[in-house]
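Okay, here's what each chain looks like letter by letter:
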Amino acid sequence: MLRQLRSKKVAKRILIGLAIIIIPAFVLFGARTSSRRGRGPSFAGMIFGKNVSFEDYAESWRAVKNEAMMKYEDFHKIYKQLDLRGEAWNRLILLHEAKRQKIKVSNQEVIDTIRNFAFLIRDNRFDTELYEQVVTNTFRVSPREFEEDMRGSLIIAKLANNVVKDAAVTDEELLKKYKEENEKIKIAYVTQSYRDFTEKTEASDAEIEDYYNTNSREFKLPERANIEYIEFKHTDYTEGIDIGDDEISYYYDTRIDEFEHPESIRARHILFDDEEEAKRVLKKAKKGSDFAKLAQEHSTGPTKDKGGDLGYFERGKMVPEFEEAAFALKVGEVSDIVKTQFGHHIIKVEDRKEPYTETLEVSREKIKGILLKETAKNDAYDEALLAAASIDKGESFEKTADEYNKTIKTTGYFSRRGIVPEIGWNPDVQKAAFDLKIGEVSPLISPKGADSEANYIIRVKEKKEPEIPPLEELKEPIEARVKQDKARRMAKESMEKYKEAIMEKIEAGFSFEKAAEAAGPEIKETDYITRKDYIKDIGSASDIKEVFDYKVGDVSPLLNTQRVSCIVALKDFKSIEEEKFQEEKEVFRERLLRQKKSRLLNQWLTELKLKANLKSNL
């Protein structure tokens, strides 16, 4: 956003576009708070045992929203994903603590900060006229309000700096972490998957009952609620909406970036676990064999049945190694073998699209659909707001539903953090269901205001205290657990026998590979891997991190991960490159210091929030 604001033409477009988003947000906030009058608290919440007024909360929300607009270039696309509500509470908590610590920021510090905003510099100087225009039209506040919001942010920054000012990274910490990230090993291994034994196991009634008696607390259900609700879904309000050409043109002009497409390519690929097989197939592909057919015959990837077709994709959609190789190819060209964390790839580019911008005519129907949906959402919200107001005035739940031609629906039981049946993941519905008493009706629940998919008014029908279900209800999941445990034991026992056979051969002078081959299980090898890499048949390399401390030639005891039992031999070890370490040392130290400060700050904030004992009425 900041970069774009430097262009006057683009700035005007963004100012108009953001106004569309932000104005409803403030109208919405006022509507939601007013809907609480006469029912419930007259304040937004409590922190540190003190009431927070709706006005103070609104100012905090405005400040964090404006900060997000400055921080995120694509704010208008991602603002729904930001937890502005939570950040507003955090800001209030932090400002309370800063006041306790008597942290202050002078007028000059505020002025200097604002004067250094790059998007307010024109012709190498701070532009007062542009400042007032941006603050008033984009951030929707007066310069005075913006400056006080900025003062609060600077106070919080000082508070945070005080928390982490003594953080440091020692040379010992630095070297240890650098080694952890950059040391590499090559291993040979044999595995036994637990899944190979699942079908061979049985669970008797006695075993199921014994597991239940011993582990029943694992199945304890939390407190649950069952609610009735009236739903105002935007899809029920689309009929009769007319979207005019002027609305479509306005949307296109103010959101032009949504219709800009970067370069993209269409490619196929063949994925291999084994590099030698990849080399054999590559020769055929280079000679002109049907690439799609080769993919169907040899690929181990999920696109195998589609001849390896990945469709069109832009930069940033694939892992870096794959993307770099694919975009370097010409149409019709086949790559050499490309290694990624998923295996070995052969890539063929089938088409390329240059960057382009969709025309208004091409985009017309898509925009019409977007505007239709937005209008329907607003209509659904407006009607939901009226229904909530009726209940506020004493109308019954049933009569209100009937008046708005709605069916009262029931969810069935769900837990505080569980998915709400028929509604889905909705934290506001979940919170209201457990905050209300049986028979109580909630205010209007519209998590994202007029932009939500649906609006709800709920009434708590029933609640259940935490309980352990009877065995009859748990028989199926317990049977699966018993069979899984048996499968794990069988896999470990099988691999233990292989281990004994392998070690006998090694003691007799065999290499690990020859010993494993003689014992029976298939042996596999990796290329050089770090602790962060993924090993296809084992899982994360961190699951066998102890192998990184072995000497070359060492063979592991039986290792058990979430998926397999395995035996691993260290084939080779690559230490860090001292020269490279010295080159990267200070940059790496700075990264570790940032991480350490972030951890310290998060830990401190978590403790502060516990002390604040936030109780939100929103």
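Note that the structure is predicted; figures quoted are calculated from it, not measured. (Residues numbered from 1 in each chain as written. Predicted model: local features only at pLDDT ≥ 70, side-chain atom pairs only at ≥ 80, totals over all residues. Heavy atoms only, no water.)

## Looking at the packing of aromatic side chains
Using the criterion set out here, one finds 15 aromatic pairs in the structure. With a centroid separation of 5.6 Å and an interplanar angle of 15°, the aromatic rings of phenylalanine 117 and phenylalanine 119 are classed as stacked. Assigned by exposure class, phenylalanine 117 and phenylalanine 119 land together as buried. Here the aromatic rings of tyrosine 211 and phenylalanine 219 are separated by 6.5 Å at their centres, their planes lie at 65°, and the arrangement is edge-to-face. Members of the aromatic cluster, each reached through a chain of ring pairs, are Phe126, Tyr131, Phe139 and Phe146. One cation-aromatic arrangement involves lysine 200 over phenylalanine 197; the distance from NZ or CZ to the ring centre is 5.0 Å. Over the aromatic face of tyrosine 528 sits the side chain of lysine 574, whose NZ or CZ is 4.0 Å from the ring centroid. (Phe/Tyr/Trp six-rings, centres within 6.5 Å; stacked < 30°, edge-to-face > 60°. Buried < 20%, exposed > 50% of the residue type's maximum accessible area, 1.4 Å probe, protein only. Lys NZ or Arg CZ within 6 Å of the ring centre and 35° of its normal.)

## A few points about the sheet that holds strand 11 (residues 343-353)
Strand order in the open sheet formed by four strands is 9-8-11-10, with antiparallel pairing between adjacent strands. The two strands at the open ends of the sheet, each matched to only one other strand, are strand 9 (309-314) and strand 10 (338-340). Pairs of neighbouring strands in the sheet enclose a mean axial angle of 45°, with direction left out of account. Bridge count for strand 10 against strand 11 is three bridges, and the pairing is antiparallel. The partner of threonine 340 across the bridge, within strand 11, is glycine 343. Across the sheet, helix 14 (residues 291-298) lies against strand 8 (264-272) and strand 11, angled at about 40° from strand 8, the strand it touches most. Seen against the sheet, helix 15 (residues 320-328) touches strand 8, strand 9, strand 10 and strand 11 and runs at an angle of roughly 45° to strand 11. (Pairing = 2+ DSSP bridges. Helix = DSSP H or I, 4+ residues; strand = E, 2+ residues; numbered from the N terminus. Axes fitted to C-alpha atoms, helices over the stretch in contact; angles between N-to-C directions. Contact = heavy atoms within 4.5 Å.)

## A closer look at a negative patch on the surface
Together, Glu496, Glu500, Glu504 and Glu507 make up a negatively charged patch on the protein surface. You can see glutamate 496 is positioned in helix 19 (residues 471-507). (Patch = residues over 30% accessible without salt bridge, like charges linked within 9 Å, V, L, I, M, F, W, Y side chains within 5 Å. Areas by Shrake-Rupley, 256 points an atom, 1.4 Å probe, with all protein chains shown as cover. Salt bridge = Lys/Arg side-chain N within 4 Å of Asp/Glu carboxyl O. Lys, Arg positive; Asp, Glu negative; His and termini not counted. Charge placed at Lys NZ, Arg CZ, Asp CG, Glu CD.)

## Some details on the packing of helix 9 (residues 171-182) against helix 21 (residues 578-612)
Interhelical geometry of helix 9 versus helix 21 gives an angle of 105° and a closest axis separation of 10 Å. Between helix 9 and helix 21, the crossing angle belongs to the class labelled roughly perpendicular. Contacts between helix 9 and helix 21 involve Asp171, Glu173, Leu174, Leu175, Lys177, Tyr178 and Glu181 on the former and, on the latter, Lys580, Phe581, Glu584, Lys585, Phe588, Arg589, Arg591, Leu592 and Lys596. Counted by class, the contact of helix 9 with helix 21 contains six nonpolar, no polar and 10 charged residues. (Parallel < 35°, antiparallel > 145°, perpendicular 65-115°, else oblique. Nonpolar A, V, L, I, M, F, W, Y, C, P; charged D, E, K, R; others polar.)

The values are spatial; any link to function lies outside them.
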